[in-house]
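Architecture at a glance
Chain by chain, the residues run as shown.
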Amino acid sequence: MINLKDFTLDQIKDLLDRLGEPPYRAIQLARWLFQRGCLSWDEMSDLPKDLRARLKEFTHLQGLTIVQKRVSHRGDTIKYLFGLADGQAVESVFMRHLYGRSACISTQVGCRMGCRFCASTIGGLIRNLSPGEMYDQVLAMQSDVGERISHVVLMGSGEPLDNFDHTMVFLEHLTAPYGLHIGYRHITLSTCGVVPGILKLARRRLPLTLAVSLHAPNDELRNRLVPINRRHPLEELIPACQEYTKLTGRRITFEYALLSGVNDSSRCALQLTRLVRGLLCHINLIPANPVTGRDFSRTPPARVHRFKKILEKAGLSVTVRRELGSDIDAACGQLRRRVIALNG
Ligand code: SF4
């Protein structure tokens with residue numbers, strides 16, 4: 001059975017054309033699918049009954065099932081483990097901020113990038129998510145909490161640029177007037193540094209925020225923490241980021257997870273200032289959540305402060321990420337692994 005949310009709008013138009021329907025039907029159908037998140041053919045009252053009956057024969061509207069849900073003590077973060085049709089599961093996180101509601105979604109089941117501090121990659125890549133499976137994470141959270149999602153972050157399990165085409169179809173629907181109509185400026189795509197993907201994305205000139213997981217200011221350390229660096233070292237990554245800012249006019253966000261005794265020294269901070277000098281960027285320091293199965297610990301607050309001061313003194317724009325939901329395994333990949341472990 002086909003999930004129509006995996007199709008582009010043009011593909012939906014082609015399909016309906018082959019069924020003898022006029023072009024405007026595609027927008028009507030797309031609104032039911034992508035805006036209202038409709039899960040029943042019976043509700044699609046403005047579509048002819050016989051069209052619905054024909055579509056029902058070879059497509060499905062099935063959404064995701066909630067396998068597990070955890071609400072943080074403060075109630076501002078909800079972590080979901082969603083079941084997919086083939087029995088796999090992915091994680092998504094809903095967050096309430098002062099500026100709106102955000103959804104952090106996964107783009108792959110597992111991940112093959114091997115970042116050392118990340119739980120999602122421990123079992124490797126299982127498979128790519130389809131565009132519809134990405135979209136359904138947003139719809140499922142929106143419908144469960146009954147609140148409109150205003151921001152989307154592609155920062156759950158998986159490397160979005162390793163699943164480039166599906167991610168682009170997902171973004172097309174997410175931003176479209178027939179979909180949730182979320183502006184690109186409210187979307188953040190996170191990458192560990194897949195340079196060809198960054199360049200390909202730059203050429204699309206989408207005004208989204210690109211977040212690059214840097215985590216180390218030199219190749220020696222980055223090779224250990226973010227193994228993709230061995231294939232695309234900093235001397236390739238930084239020019240690719242420059243190209244991205246040039247083509248899109250958008251500032252890059254560098255994510256830097258502070259790991260105690262590993263990458264949080266004053267020397268690292270100074271190296272970082274030299275590495276990004278002259279680049280249109282913002283640095284987001286993340287006091288990392290402890291990950292079961294990974295032997296890293298969190299940088300103490302005083303050292304976070306010292307690191308931040310050094311960057312600020314060099315004129316860089318820096319924030320320390322607000323900690324959300326560390327009591328509910330909100331770091332990517334942790335909930336899925338815990339459930340897999342529990343189930344045997
Ligand atoms: S941090 Fe992201 S890219 Fe790196 S292994 Fe984890 S999911 Fe993959």
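This part covers helix 9 (residues 234-248). In this model, helix 9 (15 residues) spans 21 Å end to end at C-alpha, consistent with the 21 Å of a helix rising 1.5 Å per residue. Every buried residue of helix 9 is listed here: L237, I238, A240, C241, Y244 and T248. The arc that holds the buried residues of helix 9, viewed along the axis, is 160 degrees, so those residues lie on one side. Looking at helix 9, the residues exposed on the side facing more than 90 degrees away from the buried face are E235 and K246. The inward-facing, buried residues of helix 9 contact helix 6 (195-204), strand 11 (209-213), strand 12 (252-258) and helix 10 (266-275). In the stretch just after helix 9, G249 is the one whose phi turns positive, near 75 degrees.

Here 10 strands make up an open sheet; going across it, the order is 3-4-5-6-9-10-11-12-13-14 and the pairing mixed. Of all strands in the sheet, those with a lone pairing partner are strand 3 (65-71) and strand 14 (317-320), marking the two edges. For this sheet, the mean angle separating the axes of adjacent strands, direction not counted, is 20 degrees. With seven bridges connecting them, strand 4 (residues 77-83) and strand 5 (residues 89-97) associate as antiparallel partners. Note on strand 5: the bridge partner recorded for F82 is V90.

The ligand sits among 13 residues. The nearest are C111, M113, C115, C118 and T121. Among the residues forming the shell around the ligand, the class breakdown is six nonpolar, six polar and one charged.

Proteins that are soluble and globular tend to have nonpolar side chains buried together. Formed by 84 residues in total, the largest nonpolar core has its most connected members in A103, V138, I198, C241, F254, Y256 and L258. When residues of this core are assigned to domains, at least three fall in each of domain 1 (2-60) and domain 2 (65-342). Look past the residues within four positions of A103 in its chain and what remains in contact with it is S92, F94, Q137, V138, M141, I149 and V152.

Relative to the elements of secondary structure, Y244 occurs in helix 9. For Y244, a count of 23 C-beta atoms within 10 Å translates into the label buried. Placed 44 residues apart in sequence, Y244 and A288 show a C-alpha to C-alpha distance of 27 Å. Residue contacts for Y244: discarding those within four places in its chain leaves I198, A202, L210 and I252.

The topology assignment puts G123 in the loop between strand 7 (108-110) and strand 8 (125-128). Judged by the 14 C-beta atoms lying within 10 Å of it, G123 is partly exposed. The sequence separation of G123 and Y244 amounts to 121 residues, and the corresponding C-alpha distance is 32 Å.

What counts, and at which threshold
Residues numbered from 1 in each chain as written. Predicted model: local features only at pLDDT ≥ 70, side-chain atom pairs only at ≥ 80, totals over all residues. Helix = DSSP H or I, 4+ residues; strand = E, 2+ residues; numbered from the N terminus. Expected span 1.5 Å × (residues − 1). Buried ≥ 20, exposed ≤ 12 C-beta atoms within 10 Å, placed from the backbone. Arc of directions from axis to C-beta. Contact = placed C-beta atoms within 7 Å. Pairing = 2+ DSSP bridges. Axes fitted to C-alpha atoms, helices over the stretch in contact; angles between N-to-C directions. Near = placed C-beta within 6 Å. Nonpolar A, V, L, I, M, F, W, Y, C, P; charged D, E, K, R; others polar. Core = buried A, V, L, I, M, F, W, Y, C linked by C-beta atoms within 7 Å. Domains from an automatic or database assignment.

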